[in-house]
Amino acid sequence: MAVIETPMAEHARMTVTGAKVQVDRCAREIEAGAPRDEVLYGQLLDRVVLRLACEGGSPTSALAIAGQEVRGTAWAGYRSGRARLASAAASYLTWCAPAPSWAPHPFGEVGNRHPIAWTSPVGDVMVDLLAGGALYAKSLVPVVRAAAEGPVVVRLLNMLAPMQSSAYLPNGQIVPLVGSAWWFEGGVR
């Protein structure tokens, strides 16, 4: 017995298949907007911010650099993921980066992250650990201090809520970043 497929049945099958593909795309977009892999997000953010700082990029170039940095990663096809990285990097440059008189310098890898280190004109060293509200970055503070070649201020920057960021001073004191000498609000590079 032969099955005769009507155009209506074929259309219904294509619609269901198309809906499934659309749902899959939506699920990927949602996941990219709220990544479960906190480590990958932090690594990508480190790379984007480091490039912006070292290349003298502006907040407006963050999206292009984020697009380049996600190539070859699980975030490559996610527009919302690139936008999230670019937004956090632009926020860093706008609200958290030190004044242009400070120079970025290499710090090396700590754990699986690349902190951004800065040297002031008078020789003060500051290392920024970028976090998206994650506890993982907080666990790296002692490792950064041990890797530093002298007294260093470590700033733990919550890029999802910069006002909740902290500064770990060389004397062991932990202070809220806002209102401290290590808060560079509005010092756009």
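A brief report on the enclosed structure follows. (Residues numbered from 1 in each chain as written. Predicted model: local features only at pLDDT ≥ 70, side-chain atom pairs only at ≥ 80, totals over all residues. Heavy atoms only, no water.)

**Structural notes on helix H4 (residues 79-96)**
Note the following rule: Only DSSP runs of H or I covering at least 4 residues are called helices, and only runs of E covering at least 2 are called strands; the numbering of each starts at the N terminus. A helix is expected to span 1.5 Å for every residue after the first. Accessible area is worked out with a 1.4 Å probe on protein chains only. A residue is then buried under 20% of its type maximum, exposed over 50%, and partly exposed in between.
Taking 1.5 Å of rise per residue, 18 residues should cover 26 Å, and H4 covers 25 Å from first to last C-alpha, within 8% of that figure. Residues of H4 that are buried include every one of Gly81, Arg84, Leu85, Ala86, Ala88, Ala89, Ala90, Tyr92, Leu93 and Cys96, and no others.

**What about the pairing of strand E3 (residues 125-131)?**
Counted only if it meets this: Note: two strands are recorded as paired if DSSP finds a minimum of 2 bridges between them.
Extensive coverage of E3 is indicated by the burial of six of its seven residues. Pairing between strand E2 (residues 116-119) and E3: four bridges, direction antiparallel. Residue pairing in the sheet places Ala117 in a bridge with Val127 of E3. As paired elements, E3 and strand E4 (residues 153-158) share six bridges and run parallel to each other. When the bridges of E4 are listed, Val127 appears paired with Val154.

**Some thoughts on the pairing of E4**
For E4, the buried fraction is high: six of the six residues fall into the buried class. By the alternation rule, side chains of E4 split into Val153, Arg155 and Leu157 and Val154, Leu156 and Asn158, which are all buried. In terms of strand pairing, E4 meets strand E5 (residues 166-168) through three bridges, oriented antiparallel. For Leu156, the partnering residue across the bridge sits in E5 and is Ser166.

**Looking at the packing of aromatic side chains**
Put simply, the rule reads: Stacked, edge-to-face and tilted are the three classes for Phe, Tyr and Trp ring pairs, Trp counted by its six-membered ring, which pair at centre distances within 6.5 Å; planes under 30 degrees apart are stacked, over 60 edge-to-face, the rest tilted. Two limits define a charge over a ring: the Lys NZ or Arg CZ must be within 6 Å of the ring centre, and within 35 degrees of the ring normal.
On inspection of all chains with the given rule, the structure shows two aromatic pairs. Here the aromatic rings of Trp102 and Trp182 are separated by 6.2 Å at their centres, their planes lie at 80°, and the arrangement is edge-to-face. A residue pair is termed long-range when its members are at least 10 positions apart, and Trp102 in the loop between H4 and strand E1 (103-105) and Trp182 in the segment after strand E6 (174-176) qualify at 80 residues. Between Trp102 and Phe184, the ring centres sit 5.6 Å apart and the planes meet at 65°, which makes this aromatic pair edge-to-face. Taken as a pair, Trp102 in the loop between H4 and E1 and Phe184 in the segment after E6 lie far apart in primary sequence, 82 residues in all. Put simply, the rings of Trp102, Trp182 and Phe184 pair up and form one aromatic cluster. Against the face of Tyr41 rests Arg84, its NZ or CZ located 4.6 Å from the ring centre.

**Remarks on the sheet that holds E6**
Applicable threshold: Every axis in this analysis is a line fitted to C-alpha atoms, fitted for helices over the stretch in contact. Angles between the N-to-C directions lie between 0 and 180 degrees.
Read across the sheet, six strands follow the order E1-E2-E3-E4-E5-E6 without closing on themselves; strand pairing throughout is mixed. Only two strands of the sheet have a single partner each, and these edge strands are E1 and E6. When strand polarity is set aside, the average angle formed by the axes of neighbouring strands in this sheet is 30°. With three bridges connecting them, E1 and E2 associate as antiparallel partners. Note that in E2 the partner of His105 across the bridge is Ala117.

Read these as layout, nothing more, since geometry by itself doesn't imply function.
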